[in-house]
Amino acid sequence: MKASAGLDLFKTPLVLKIAGFTLITLTFFYLGKHWSSNGDQQVLFFSSSPGTSVGVSPNYGKSFNVTALIAQNQTDTVSEPEPTQVPAKELDRTFGIIDGDGKMSDDFEVGEVDPEVVENWGNETEIDSGAGEGSRAKVKRFELCPESMREYIPCLDNVEAIKKLKSTEKGERFERHCPEKEKELNCLVPPPKGYRQPLPWPRSRDEVWFSNVPHTRLVDDKGGQNWITKAKDKFRFPGGGTQFIHGADQYLDQISKMVPDIAFGNYTRVVLDVGCGVASFGAYLLSRDVVPLSIAPKDVHENQIQFALERGVPAMVAAFATHRLLYPSQAFEIIHCSRCRINWTRDDGILLLEVNRMMRAGGYFAWAAQPVYKHEQALEEQWEEMLNLTTRLCWELVKKEGYIAIWQKPKNNNCYLSRDEGVSPPLCDQDDDPDKVWYADLKPCITRIPENGYGANVTAWPARLHTPPDRLQSIQMDAYISRKELFKAESKYWSEIISGYVRAWHWKQLKLRNVLDMKAGFGGFAAALIDHGFNSWVMNVVPVSGPNTLPVIYDRGLLGVMHDWCEPFDTYPRTYDLLHASGLFSVERKRCNMSTIMLEMDRILRPGGRAYIRDTLDVMEELQEIANAMGWHSALHDTSEGPHASYRILVCDKRLLRS
């Protein structure tokens, strides 16, 4: 009877509950012990009071900062990303920095980079071959290129390809001849010894560091023409040129008086300077609210474009030879040639026909050369040839004064259609696309002016920056809403983004002068920089993989160029202070390796310069790996849409490396 009573006791609800609770407790203890033995995160039971140290038996003897554990699981959310990392100081997740004593401080200058902070980089490429199925090989560290490559432009310095050319009499050696895939750039182009942070604009207009462009040939050849002089550790630019030894300002005043309708900074906004020398003509146009593009080949005066870029003047390496230049039709209000050493009348004027293609309807061609004013027989014959050619092109000689002659292109096709039958050069076919420029041969015909007036009727500056141009309607693109709405939406979008950058990253404190937008769209990023008062210029690149928006960019009064980012860009190393790439890599990775583009970015970015890459999350890990392998300091940030958005921003600083 007693035994039966004892059994009934164990059957009571209270005892059953106690037994069940004990069993559950032992089960959780076992699972926690088993989990921790695998080396993974251990199960913790803790109080949320800051600084409390607690544990269970698997973690006995270990302490945990609970506040830190909680912080690790918090999402960083800011309206725009944090300031760029600063050398020798660590950025906190808020808008402050932790100084050497571990104290939070907001007393700092965002993004300032001291190129004198040199990193020992070594000179050996390290490769991680990866492990496991589906893994990829990755470069842990790219080596520095040899010193002989410090001014290397891959598609213009391809000696092997140039030697194989069948002919070079028309300037073929100055055109693009890119290396084959197995010979692409795979190292980091080094700066010259003693390289220093470039002088800021506008001081750089008048002087640059000798150590950054250590070449004196132009001083020897052109010093007497007021181009350039050397004074101690600097080159100085007095502002003169071969045809304007008394200064570019006086020369520009003369042009304005000759043809008042040119109206610099109003009608005339975008100008092409051919054979630019050290770009003093363009440098002084900038002060008249004109954006010039200075071009010259890499010839016997091979560093003239490098000097222009070091001065902070928009410039590219380009040559009139056998292919169209990489700019659209009706791009420039004025095309200027002052002793540019080009035979405009060769091959029945095929090079002047290229000028005609790029010149806006009603635009001007200014020629300052010896045939204009000298009376030697050979030079007089050259003048007659030029006069005959321009007459057949229906250009009107508006003014000839001193050593300058200025012609005007017609505003419509009436003159072309009224010429006598058989007069050369003929009009191009109706189906000719004058904006097809990537590896396009020159054509011996006159580019037609659109009958609807597109390109000729642009608004005066500065209103044209935000006026949707007529040629917006001729862009071949998929558009399901009004193109004008797309145009305005892009402008608004980038204006808001730049406002965020100014607030969050203090962009107004950065010394941004030469800027490259690698996927420019309609030029909204460049327009936003102008609206926010940045003292910089932007080269807007339109990739060949997308719609050709170059005509719209030029109609807005901006500069741009066509390019394929699977190939190198036609500029010198250390050209730009800022590289901006939005949505580029997610498109181009289908066509070429992302490391190819990143290495080219490193080549053209100055030490101390910055790259802002805004793209989808799925490309960011590899991009950051490549950036780190190139010695860049990189940080990944959320966009203003927050941590769950599909886009991120990779912010990179390029450092000055040494072997």
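Where an unreviewed UniProt entry is consulted, the protein chain appears under the name Methyltransferase, with the organism given as Linum tenue. The UniProt entry for the protein chain carries the following text under Sequence similarities (unreviewed entry): "Belongs to the methyltransferase superfamily."

S.K.: Any details on the nonpolar core? Residues and values, ideally.
M.R.: Counting 147 residues, the largest nonpolar core has Tyr327, Trp344, Phe365 and Trp507 as its most contacted members. Look past the residues within four positions of Trp344 in its chain and what remains in contact with it is Val274, Phe320, Cys337, Gly349, Leu351, Leu352, Val355, Phe365, Trp367, Met386 and Leu389. One finds Val208, Val213, Trp227 and Val278 within the second-largest nonpolar core, a separate group that totals nine residues.

S.K.: Can you tell me about the state of the cysteines, naming the residues and giving the values?
M.R.: Tallied over the entire structure, the rule returns six disulfides. In this model, Cys394 is linked to Cys415 through a disulfide, with the two sulfur atoms separated by 2.1 Å. The sign of the -80° torsion about the S-S bond sets the Cys394-Cys415 disulfide as left-handed. Of this pair, Cys394 sits in the loop between helix 12 (377-392) and strand 15 (396-401) while Cys415 sits in helix 13 (residues 414-417), and the two are 21 residues apart along the sequence. The disulfide partner of Cys566 is Cys592, and the S-S distance across this bridge is 2.3 Å. In this structure, the disulfide formed by Cys566 and Cys592 twists by about -80° around the S-S bond and is classed as left-handed.

S.K.: Give me the pairing of strand 20 (residues 576-582): which residues, what numbers.
M.R.: Taken across its seven residues, strand 20 has seven buried, putting it largely inside the fold. The sheet contact formed by strand 17 (residues 514-517) and strand 20 spans three bridges and is parallel. Counterpart to Asp517 in the pairing with strand 20 is His580. The sheet contact formed by strand 20 and strand 21 (residues 605-616) spans six bridges and is parallel. Bridged to Tyr576 within strand 21 is Leu605.

S.K.: For the environment of Lys193, give the residues involved together with the corresponding values.
M.R.: Within the secondary structure, Lys193 is located in the loop between helix 4 (159-163) and helix 5 (203-206). Sequence separation between Lys193 and Arg150 is 43 residues, and the spatial gap between their C-alpha atoms is 9.7 Å.

S.K.: So what about helix 10 (residues 346-358)? Which residues, and what values?
M.R.: Taking 1.5 Å of rise per residue, the 13 residues of helix 10 would be expected to cover 18 Å, and the 18 Å separating its terminal C-alpha atoms lies within 8% of that figure. Of all the bends in helix 10, the greatest, near 25°, is centred on Leu352. Burial within helix 10 is extensive, with 11 of its 13 residues counted as buried. Taken as a whole, helix 10 has its buried residues at Arg346, Gly349, Ile350, Leu351, Leu352, Leu353, Glu354, Val355, Asn356, Arg357 and Met358. Looking at the buried side of helix 10, the elements it contacts are strand 10 (270-274), strand 13 (332-338), strand 14 (359-368), helix 12 and helix 13.

S.K.: Which residues make up the sheet that holds strand 21, and what values go with them?
M.R.: Ordered in space as 19-18-17-20-21-23-22, the seven strands form an open sheet in which the pairing is mixed. The two strands at the open ends of the sheet, each matched to only one other strand, are strand 19 (559-563) and strand 22 (633-638). Looking at each pair of strands side by side, their axes are set apart by 20° on average, direction ignored. Here strand 18 (residues 537-543) pairs with strand 19 via five bridges, running parallel. Each bridged residue has a counterpart across the sheet, and for Val542 the counterpart in strand 19 is Met562. In this fold helix 19 (residues 617-629) packs onto strand 21, strand 22 and strand 23 (647-653), with an angle of close to 165° to the strand it touches most, strand 21.

Criteria and thresholds
Residues numbered from 1 in each chain as written. Predicted model: local features only at pLDDT ≥ 70, side-chain atom pairs only at ≥ 80, totals over all residues. Heavy atoms only, no water. UniProt positions renumbered as here; feature names shortened; annotations may be inferred. Core = buried A, V, L, I, M, F, W, Y, C linked by side-chain atoms within 4.5 Å. Buried < 20%, exposed > 50% of the residue type's maximum accessible area, 1.4 Å probe, protein only. Contact = heavy atoms within 4.5 Å. Disulfide = S-S within 2.5 Å. Helix = DSSP H or I, 4+ residues; strand = E, 2+ residues; numbered from the N terminus. Pairing = 2+ DSSP bridges. Expected span 1.5 Å × (residues − 1). Bend = angle between axes of the 7 residues up to and from the residue. Axes fitted to C-alpha atoms, helices over the stretch in contact; angles between N-to-C directions.

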